Amino acid sequence: MLSTCNDLASSEKALYSSGRAQWQAPQRPGQERLSAAYTRLSPEELAASVWENKRQLGDRLVILGHHYQRDEVIKFADFRGDSFKLSQLAAARNDAEYILFCGVHFMAESADILSGPHQQVILPNLSAGCSMADMATIDDVEACWADVTRVCGASTIPVTYMNSAANLKAFCGRHGGIVCTSSNADKVLRWAFAHGERVLFFPDQHLGRNTGAKMGIPLDQMQVWDPRQPLGGNSATALREARIILWKGHCSVHARFTAEQIAGARQEDAKVNVLVHPECTLDVVQSADFVGSTEYIVRTIEQAAPGTSWAVGTEINLVKRLANEHPDKRIFCLDPIVCPCSTMYRIHPAFIAWALDNLVAGRVVNRIAVPAAIADQARTALNRMLAVA
Ligand code: 13P
Ligand code: SF4
């Protein structure tokens, strides 16, 4: 079990040397269990196999990698980015026959929706989901929508964070709504308020609240919707007066950061710059010096002056990579015992080797294909976002 994960290298070594491929579990239905031909290979053998298959497939294959992937995976990516940049890339790279997505399930779905009909998207391990995305299901959102529409009338715009299943993006497409990412949430919310009186924002309450607060919306006009409570745990009056209804969801990685950790970092180094992702809680965001998406975090560190010091509140694989790439700056994770995103971590090089071996043999495994009716409506909401941002 991975626990104190600032030391990823030794965790990884332990997994390899245990003789048991623990990184395969838990399995999602449909995910084939890898044979010993893959689980017994050393990291070097796996890498050699991936590079050779990549060479053979040439321009027919493009590999996209989210910044939270570990170094042993991101090194294979032709392009790396946050979810917004990767969605733009998926829409732009219509020359590649296969898009191998090193990220999580909702990202691969968006790539399938935005890519051409001649392209096939592959997620190396189907178990790479997202705990936040799973916090909002279509049935619960439909039930919420029925209540909100009954209480407030037809004046609400649904906004789903990119980190959600395709059927929720489709829901937004058919109800005049839109998708946002952490790179463009403020622009998207401005678009939504130009089209309606209030926003139903799901599944990440923190991104919604942080963006609303940045726009000057008072906290008492942002109500949380708990899908397990009648009316989401709100009075009808509170819902009618709300500008934003925030789904009760969160990211298990970013919600771990605290204002106390920021105070500790400042106590240790008065000149430290605190840089956090907007999936963190409001008090963390308000205590930080800089707040922005993963791509913003990368850019801010790249542009920082040598000798500066940075406490970063985001996924540990990215923080460690930034620290390695910028030895002239002091870069460390705000949470000393933070874990990697456990679902991103399920993209192991062995799954990439397996998926590419199959591709070279003419078989597409783990294709992510969103049904056409869902994809059409989801594309409407995604294209609204791409036009706004
Ligand atoms: P971005 O890639 O939009 O920064 O989101 C972070 C994240 O949690 C991705 O799963
Ligand atoms: Fe989901 Fe958070 Fe992991 Fe992103 S970092 S995939 S939002 S759990």
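Residues numbered from 1 in each chain as written. Chains lettered and ligands numbered in written order. Predicted model: local features only at pLDDT ≥ 70, side-chain atom pairs only at ≥ 80, totals over all residues. Heavy atoms only, no water.

Engineer: Explanation requested: the overall build of the chain in the structure shown.
Structural biologist: Assigned secondary structure in the chain consists of 17 helices and 13 strands. For 389 residues, the compact-globule estimate of 2.2 N^0.38 gives 21 Å, and the C-alpha radius of gyration of the chain, at 21 Å, lies within 12% of that figure. When the backbone C-alpha atoms are referred to their principal axes, the chain occupies close to 60 × 55 × 35 Å. Out of the 389 residues in the chain, the part that is buried amounts to 57%. Considering only residue pairs separated by 6 or more positions, the chain has 69% of its internal contacts joining residues 24 or more positions apart. Element-wise, carbon and sulfur atoms account for 51% of the exposed surface of the chain, whose accessible area totals about 15600 Å². (Helix = DSSP H or I, 4+ residues; strand = E, 2+ residues; numbered from the N terminus. Rg over C-alpha atoms; globule rule 2.2 N^0.38 Å. Buried < 20%, exposed > 50% of the residue type's maximum accessible area, 1.4 Å probe, protein only. Contact = heavy atoms within 4.5 Å. Areas by Shrake-Rupley, 256 points an atom, 1.4 Å probe, with all protein chains shown as cover.)

Engineer: Explain the site of ligand 1 here, please?
Structural biologist: The full set close to ligand 1 counts 13 residues, and His-66, Ser-83, Ser-182, His-277 and Thr-294 are the nearest of them. Tyr-161 is positioned with one of its side-chain polar atoms (N or O) 3.4 Å from an oxygen atom of ligand 1. In this structure, Ser-182 approaches ligand 1 through a side-chain N or O atom, which is 2.7 Å from an oxygen atom. For the shell around ligand 1, a count of residues per class yields 5 nonpolar, 6 polar and 2 charged. (Near = heavy atom within 4 Å. Polar contact = N/O pair within 3.5 Å; in protein donor to acceptor, adjacent residues only side chain to side chain. Nonpolar A, V, L, I, M, F, W, Y, C, P; charged D, E, K, R; others polar.)

Engineer: When you look at the pattern of salt bridges in this model, what are you seeing that I'm missing?
Structural biologist: Side-chain pairing between opposite charges can occur once the charged atoms of the two side chains come close. Inspection of every chain in the model, using the stated rule, returns 17 salt bridges. The residue Arg-256 makes a salt bridge to Asp-335 at a minimum N-O spacing of 3.2 Å. Here Arg-256 is found in the loop between strand 9 (244-247) and helix 12 (259-268), whereas its partner Asp-335 is found in the loop between strand 13 (330-333) and helix 16 (349-360), with 79 residues between them in sequence. For Arg-256, a relative accessible area of 35% translates into the label partly exposed. Look at Asp-335 and you get buried, because its relative accessible area is 4%. Connected via shared salt-bridge partners are Asp-226, Arg-228 and Lys-248. (Salt bridge = Lys/Arg side-chain N within 4 Å of Asp/Glu carboxyl O.)

Engineer: Quick question: what am I supposed to make of the site of ligand 2 here?
Structural biologist: Inspection of the region around ligand 2 gives Tyr-68, Cys-130, Ser-131, Met-132, Asn-163, Cys-251, Val-253, Glu-279 and Cys-341 as its neighbouring residues. Classifying every residue of the shell around ligand 2 gives 6 nonpolar, 2 polar and 1 charged.

Engineer: What exactly am I supposed to notice about the sheet that holds strand 11 (residues 290-291) here?
Structural biologist: Note: strands within a sheet are paired through backbone hydrogen bonds, in either parallel or antiparallel orientation. Strand order across the open sheet formed by 4 strands is 11-10-12-13, with parallel pairing between neighbours. Pairing within the sheet leaves two strands with one partner each, and these edge strands are strand 11 and strand 13. Sheet topology note: the strand 12 (residues 309-313)/strand 13 ladder contains 4 bridges and is parallel. In the strand pairing of strand 13, Trp-310 is matched with Ile-331. Its contacts with the sheet place helix 14 (residues 294-303) against strand 10 (273-276), strand 11, strand 12 and strand 13, and it is angled at close to 155° to strand 10. (Pairing = 2+ DSSP bridges. Axes fitted to C-alpha atoms, helices over the stretch in contact; angles between N-to-C directions.)

Engineer: Would you explain the side chain of Gln-223 in this entry?
Structural biologist: Checked against the element boundaries, Gln-223 lands in strand 8 (residues 222-225). Gln-223 gets classed as buried once you look at its relative accessible area, which sits at 18%. Within the structure, Gln-223 has its side chain in polar contact with the backbone oxygen of Asp-220 (distance 3.0 Å). The residues touching Gln-223, leaving out its near neighbours within four places in the chain, are Asn-234, Ala-238, Ala-242, Ile-244, Ile-245 and Leu-246.

Engineer: For this particular structure, what's the right way to read the pairing of strand 5 (residues 156-161)?
Structural biologist: In summary, the side chains of a regular strand alternate between the two faces of the sheet. The element strand 5 is extensively covered by neighbouring structure, given that 6 of its 6 residues are classed as buried. Of the two faces of strand 5, the one carrying Thr-156, Pro-158 and Thr-160 and the one carrying Ile-157, Val-159 and Tyr-161 are both buried. Judged from the 5 bridges that link them, strand 5 and strand 7 (residues 198-202) form a sheet pairing that is parallel. Along strand 7, the bridge assignment pairs Thr-156 with Arg-198. By the bridge criterion, 3 bridges tie strand 5 to strand 6 (residues 178-180) in an arrangement that is parallel.

Engineer: Would you take a moment to explain unusual backbone geometry for this structure?
Structural biologist: Excluding glycine, residues mostly carry a negative phi; peptide bonds, for their part, are mostly trans. In this chain, Phe-202 is followed by Pro-203 through a cis amide linkage whose omega measures -5°. By the secondary structure assignment, Pro-203 is in the loop between strand 7 and helix 10 (205-214). Of note in this structure, Leu-231 is not a glycine but carries a positive phi near 50°. Along the chain, Leu-231 falls in the loop between strand 8 and helix 11 (236-241). For Asn-366, which is not glycine, the phi dihedral falls at a positive 55°. According to the relative accessible area criterion, Asn-366 is buried, its value standing at 10%.

Engineer: Mind showing me how you'd approach the pairing of strand 7 here?
Structural biologist: In terms of burial, strand 7 is largely enclosed, as 5 of its 5 residues are buried. Two elements, strand 7 and strand 9, share 3 bridges in a ladder whose sense is parallel. Paired with Leu-200 across the bridge in strand 9 is Ile-245.

Engineer: When you look at the nonpolar core in this model, what are you seeing that I'm missing?
Structural biologist: General note: in soluble globular proteins, nonpolar side chains tend to be found buried as a group. Leu-100, Val-159, Phe-201, Ile-244 and Ile-352 are the most contacted members of the largest nonpolar core, which has 126 residues in total. Per-element accounting of this core gives the leading share, 8 residues, to helix 16. If we skip the residues at most four places from it in the chain, Leu-100 touches Leu-61, Val-62, Ile-63, Leu-64, Ile-122, Pro-124, Ile-352, Ala-355 and Leu-356. (Core = buried A, V, L, I, M, F, W, Y, C linked by side-chain atoms within 4.5 Å.)

Engineer: Any chance you could explain the state of the cysteines here in plain terms?
Structural biologist: Where two cysteines share a covalent bond between their sulfur atoms, that bond is called a disulfide. Under the defined criterion, the tally for this structure stands at 0 disulfides. Cysteine Cys-280 shares no disulfide, and the gap to the nearest cysteine sulfur, in Cys-251, comes to 8.2 Å. (Disulfide = S-S within 2.5 Å.)

Engineer: What is the right way to read the confidence of the model for the chain from this model?
Structural biologist: The pLDDT averaged across the chain works out to 92; a share of 93% of its residues lies at or above 70. Confidence drops under a pLDDT of 50 for residues 1-22, and excluding neighbours within four residues, the segment shows 38 contacts in the predicted structure. (pLDDT = per-residue confidence, 0-100.)

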